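The residues making up each chain are set out below.
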Amino acid sequence: MNCHSQIWTGAPLLEPVRESFRSGKSLVWTRVNDLPDFVYFNHSIHINKGVGCNTCHGPVDRMPLMYNEYSLQMEWCLDCHRDPAKNLRPRDQVFNMRYEPPSSLKPVTMDGKEYTDQMSLGSDLVKKYKLRTVTDITSCSTCHR
Amino acid sequence: MFNLSSVSIHMKMEEQDDKGHREAVCPGKKGALDLDAARARLAETKGPEFWRSLEELAGSPEWQEMMHREFPKGASEWLDSVSRRGFLKLMGASLAMAGMTACTKQPLEPIVPYVRQPEELVPGRPMFYATAFTLGGYASPLLVESHMYRPTKVEGNDKHPASLGGTDIFAQASILEMYDPDRSQTIASLGEVRTWGNFVEALRGPLSAQKAVQGAGIRILTRTISSPTLADQMRGLLKVYPQAKWHVYEPVNRDSVLEGAKLAFGQPVETQYKLENADVIVSLDADFLSAGFPGNVRYIRDFAKRRDPDSGKMSRVYVVESTTSATGAKADHRLPMRAGEIDQVAGLLNRFVEQGHPSDVFSSQGEKFAAAVANDLSAHRGSSVVIAGDHQPPGVHATVHAINQALGNVGKTVFYTDPVDANPINQTESIKDLVADMRAGKVDMLVIMDGNPAYDAPADLGFADALKNTNIPLRVHLGLYQDETAELCQWHINEAHYLEAWGDARACDGTVSIVQPLIAPLYSGKSAHELVATLAGQPDPSSHEVVQNYWKKQHSGADFDMFWRKSLNDGWIEGTTFAPKQVSLKTASFPAPAVPPPGSIEINFRRDPSIYDGRFSNNGWLQELPKPMSKMTWDNPVLIGPAMAERLGLKSEDMIEIELNGKKVTAPVWVQAGHPDNSITVFLGYGRRRAGRVGTGAGFDFYPLRDSADPWFIAGVTLSKTGETYKLATTQGYQTMDTPVGTRPLVRTASLDGYHKEPAFAREDEPPKDLTLYQPYPYEKEPYAWGMAIDLNACVGCNNCIVACQSENNIAVVGKEQCVIGRHMHWIRVDAYYQGDRDNPKAYFQPVPCMQCENAPCEVVCPVGATVHSSEGLNDMVYNRCVGTRYCSNNCPYKVRRFNFLLFQDWETPQLKMMRNPDVTVRSRGVMEKCTYCVQRISEHRIDSEREDRKIADGELQTACQQSCPANAIVFGNINDPESRVSKLKRNPRNYSLLADLNTRPRTTYLAEIRNPSEELES
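Residues numbered from 1 in each chain as written. Chains lettered and ligands numbered in written order. Predicted model: local features only at pLDDT ≥ 70, side-chain atom pairs only at ≥ 80, totals over all residues. Heavy atoms only, no water.

Any chance you could break down unusual backbone geometry for me, citing the residues and the numbers?
Residue and element names in this part refer to chain B. Despite not being glycine, R886 shows a phi value in the positive range, around 65 degrees. Following the sequence through the fold, R886 ends up in the loop between β34 (875-877) and α28 (887-891). The class of R886 is partly exposed, set by a relative accessible area of 28%. Positive phi values are uncommon outside glycine, yet D949 reaches one of about 55 degrees. Along the chain, the position of D949 falls in the loop between α30 (935-947) and α31 (960-964). Its relative accessible area of 52% is what places D949 among the exposed residues. (Helix = DSSP H or I, 4+ residues; strand = E, 2+ residues; numbered from the N terminus. Buried < 20%, exposed > 50% of the residue type's maximum accessible area, 1.4 Å probe, protein only.)

Right, here's the structure in full:
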């Protein structure tokens, strides 16, 4: 136990976690965000390129019980892969659950420049984080092998 | 979902219905092979210049028929007795019930985290640990890839001096050996499952009784041991029981080498070669390029380096051999000669090197060859080497030592060290003594560690009979399998595999590697260290403690912990390499060779190229691995030469009875081009009775013919036809790229002089790049464009790439029945092409992976878009889209695509599930698969490099075949980087593509093979 040895240590809801720690038996979770076995998904590259957590997982910090915000079907993945610029955010905002894409009311500053719309921020991020081209990331072997 | 695979397994094959059908299925595999026609075609040069089989050479009508098809007639049909209609009827009901729901929702899967996750583990990222694989006492240093603490792939340790990163097929296939579901899983005594505690208890009485007689009744039989720790333990045991005896026996032993060294130098020495310094290499029946020859991995690397025709120092190789082998195939000049006559050639060489040849008149071909070779050797004193084959008699070895000394090669291309074997004794004498003691009733306790003498001991000793009928009170067997020997022992201890246990071993140069486990023993197996420690009276030993304690005694420096961790990290122990030692020839005269009677037929016993001596019988990857020259799988037919076959009226697949000294074995025949006349070769290791599901019953057992007096060759066998035939599964002849109309220049070769005169001889004019209906794509603008160059000069046909690919990509084993109809699944194949006289042809190897054509013919014809092109130039295979029309493989001119006709993958056995590489899909029935340039490795390295904001360095990303190739023949990399090794090789004038005139623009290209013939022998 890392977090729950310090947070909510006595909460009855977390009894299964403490029991698992005591007995050494793993907790069996049901996977919510799951892809089929023929898809080889790498998480780290998405975080590295500036895809935020809630972009794919939804507002998990406000979910009492985890659910699938998006279908995670191939057409949904391709929707971003065909135009990553509309979903990118600066790396330091990736873990920010309350991040809002830049707007004229709430601009986002990066590298000293102020952005008021996602497309210009996104296209600069594509260059800055050296994303591969759309043809590259929509090649079948990117995910299927 | 109804498991369709279970249906195919349970269907019975009706024999009588099948037989007629089968004949039609495989034309050309049997039937009249007209060797006369073959010879005639060669004589008139009407036939193909390069041919893969004698059938092809003869141009038989069956072979012509085969050329029209990719698979033989009926391969894509349902061969079982249940008709297609019947099958659908059976399935129809269940399909309706399963409900054809579209895949909209994934079935729920659990995810189970660690409670306490090990610090260094990142799930999904493999880790690599250094260890070593031992065969015949010689260690191969390895780095084993481990996914979530399950070893999945064996790689070479590229920093280790003895191998420089190469491995051999046995090391690669050892992963399957560890996960073999047929491995012994318990300690057993007389058929009952027992515990280790039970065994220790059972030892108590006998051991204390033996203490009283100083161990006079104890005999321990081991295989060759080089492990310093185990040898030390054995000597310690012999101190506790001074009258006990340690016997050593392996069927593929090096007694002749030992005796030869003792004859020449008076002491056992290890002979090592520095082939990178050799301008002239002469092999007297030494297959030094094949797995099983000590040090072969390093020798392949050094040999390949010296075959570079652009270096100005290309070596020249002469081989005299008694059977066909990969080393003979790579020779510039090859002389097939019976094993018993090679002694004379050695003598002639010795004489000619000293004195020169007296005249220009030669009384035999052997003499002419020897004279030319001697001239070349004399012209290269100090930079030549003569190597004698392990199975040649001691006299030949001694003569060869003398020749090397006379030429001044010692210290330059040849050097001597202490033996790697920790107990170098004559093993045949050792087991003879043991059996004599057994029959005399002197043995009270026999411990057989890791051997199978009931199957492979010399036949005249009758070891199995002695073991069974001499009433030895306590017989203990330690082994990986409950094999023929375990059956006859009261106690069987299941052994821990080297990937599960601690130990140590010496490589061919003496360097010690610590063997560390990659996984806890799957079945609580015990290692030899634990058994010997228990026999010596140590309570509850662990192999970790035993090995570590030994090295604590050896390590004189202060910080043992640092030393231990460094040795484990590097993969070897610093300072253990043997230094060369000075030895001097005791005598210059050696026993006169025995001359075999001229008309008699000689039989050669050889270790099998993929099964070795029988220990790997149950390894499906090795059973299905095509042998280097005959491309045989699953069987070990008797090799005979074409001339003798003609004389005796034999053709391939005929059954013959071989009689030697009153013993008989019946086996099928294989006519092998290049095999010496009046001689047959039989391979050991098949025909086992208790090997497991895969090995039992496969092939033919020739050990009953093998006596202790002449374990390697003897003249005087008689052959007689039985009139029956036996179907053999060979991959030769399948996946041909030739056409019925004419052959294509697939293998391109020239002599060194020819190459210097016309360097670009191999290039043919490719059609212009824009002569295509395909859309052009600017691959040169991408950061990476993957390509591969295969240097045919370096490839020695060792087949390591095939096993490595099988291990990395979860390729299934299909079994003999399926191999007969050409359904083997190897993604890379090594074709062997012959050229010239069928009695002594030249041979060439050509590994063929997917060509990854830029204008791929397979991509346009897929109706569902399952094979498309990636932006980096890879021809992608998307298994989830494939519906199995097989149009792509029909259209592929290289025939590199493999189809899953049935569910070849095992989805049930838990051990095999653990073995698989999680980064590669396990394919089901009905999908096409092929080489992907190891796209999983490409993705992994690309993602890592992008995260670290750098480019992938050349050489960092290696395909499985490239990484395993001991010769560095396969080079893969980024062709958009002009400085990468692959780009440089593609700029070499020898570079050519296969079938370039089809304008497929393959990314895999070849460097033509150059041979370096001597003028003296060519004329």
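Please provide a residue-by-residue account of the sheet that holds strand β32 (residues 842-848) of chain B, values included.
For sheets, the rule is that strands pair by backbone hydrogen bonds, running either parallel or antiparallel. Residue and element names in this part refer to chain B. Spatially, the three strands line up as an open sheet ordered β1-β31-β32, and their pairing is antiparallel. At either end of the open sheet lies a strand with only one pairing partner, and these are β1 (50-51) and β32. As judged from the two bridges shared by β1 and strand β31 (residues 829-835), these two strands associate in the antiparallel manner. For F50, the partnering residue across the bridge sits in β31 and is Q835. (Pairing = 2+ DSSP bridges.)

Now, about the packing of helix α7 (residues 169-178) of chain B against helix α25 (residues 800-808) of chain B: what can you tell me, with residues and values included?
Residue and element names in this part refer to chain B. Two numbers describe how α7 lies on α25: the axes approach to 9 Å, and their chain directions differ by 20 degrees. With respect to their mutual orientation, α7 and α25 come out roughly parallel. Regarding α7 and α25, the two cross each other, and that crossing is left-handed. Facing I169, Q172 and A173 of α7, the residues of α25 in contact are N800, V803 and A804. When grouped by side-chain class, the residues that make up the contact of α7 with α25 number four nonpolar, two polar and no charged. (Axes fitted to C-alpha atoms, helices over the stretch in contact; angles between N-to-C directions. Parallel < 35°, antiparallel > 145°, perpendicular 65-115°, else oblique. Left-handed = near helix turned anticlockwise from the far one by under 90°. Contact = heavy atoms within 4.5 Å. Nonpolar A, V, L, I, M, F, W, Y, C, P; charged D, E, K, R; others polar.)

So, the sheet that holds strand β8 (residues 218-222) of chain B: which residues are in play, and what are the values?
Residue and element names in this part refer to chain B. The seven strands lie next to each other as β7-β6-β18-β17-β16-β8-β9, forming an open sheet whose pairing is mixed. The sheet is open, and its two edges are formed by β7 (192-194) and β9 (245-248), each paired on a single side. Neighbour-to-neighbour, the strand axes of the sheet open up by a mean angle of 20 degrees, direction not taken into account. With five bridges joining them, β8 and strand β16 (residues 445-449) adopt parallel strand pairing. Bridged to R219 within β16 is L446. The sheet contacts of helix α16 (residues 427-439) involve β8, β9 and β16, and relative to β9 the element is tilted by about 130 degrees. Contacts from helix α19 (residues 528-535) reach β8, β16 and β17 (474-479) within the one sheet, and its direction differs from that of β16 by about 160 degrees.

Break down helix α21 (residues 560-570) of chain B for me, with residues and values.
Residue and element names in this part refer to chain B. Here α21 has its buried residues at F560, F563, W564, S567, L568 and D570. Contact partners of the buried residues in α21: β3 (127-135), β20 (512-515) and α20 (543-554). Within two residues after α21, G571 carries a phi angle of roughly 100 degrees, on the positive side.

Could you give an account of α20 of chain B, naming the residues involved and the relevant values?
Residue and element names in this part refer to chain B. Here α20 contains twelve residues, and its C-alpha end-to-end distance of 17 Å stays within 8% of the 16 Å for a straight helix at 1.5 Å per residue. Here α20 has its buried residues at S543, V546, V547, Q548, Y550 and W551. Looking at the buried residues of α20, the elements they touch are α9 (228-240), β19 (503-506), β20, α19 and α21. (Expected span 1.5 Å × (residues − 1).)

Explain the interface of chain A and chain B residue by residue, including any values.
Contacts between the two partners involve 32 residues from chain A and, on the opposite side, 34 residues from chain B. Across the chain A/chain B interface, buried area totals approximately 2,900 Å², and carbon plus sulfur atoms make up 50% of it. Ranking the residues of chain A by area buried against chain B places R31, R132 and R145 of chain A at the top, with a combined share of 22%. In this assembly, chain A and chain B are joined by four salt bridges. With its nearest N and O atoms 3.6 Å apart, the salt bridge here joins E946 of chain B to R132 of chain A. Secondary-structure elements contributing two or more residues to the side of chain A that touches chain B are α1 (15-23), β1 (29-30), α2 (43-48) and α6 (134-137) of chain A. (Buried area = accessible area lost by both parts, 1.4 Å probe. Salt bridge = Lys/Arg side-chain N within 4 Å of Asp/Glu carboxyl O.)

Lay out the packing of aromatic side chains with the relevant residues and their values.
All told, the structure shown has 25 aromatic pairs over all chains when counted by the stated rule. Judged by centre distance (5.1 Å) and plane angle (90 degrees), the rings of Y550 of chain B and W551 of chain B are edge-to-face. Judged by its relative accessible area of 12%, Y550 of chain B is buried. Judged by its relative accessible area of 6%, W551 of chain B is buried. An aromatic cluster of at least three residues, connected via ring pairs, comprises W502, F560, F563 and W564 of chain B. Against the face of F21 of chain A rests R116 of chain B, its NZ or CZ located 4.4 Å from the ring centre. Note that R1003 of chain B overlies the ring of Y779 of chain B, its terminal NZ or CZ placed 4.9 Å from the centroid. (Phe/Tyr/Trp six-rings, centres within 6.5 Å; stacked < 30°, edge-to-face > 60°. Lys NZ or Arg CZ within 6 Å of the ring centre and 35° of its normal.)

Go over the pairing of β19 of chain B, please, and point to the residues and values.
Residue and element names in this part refer to chain B. Across the two faces of β19 the burial is the same, with G503 and A505 and D504 and R506 all buried. Alignment of β19 against β20, held across four bridges, turns out to be antiparallel. Paired with R506 across the two strands is V512, which belongs to β20. Adjacent in sequence and paired antiparallel, β19 and β20 are bridged by five residues, among which G510 carries a positive phi angle near 95 degrees.

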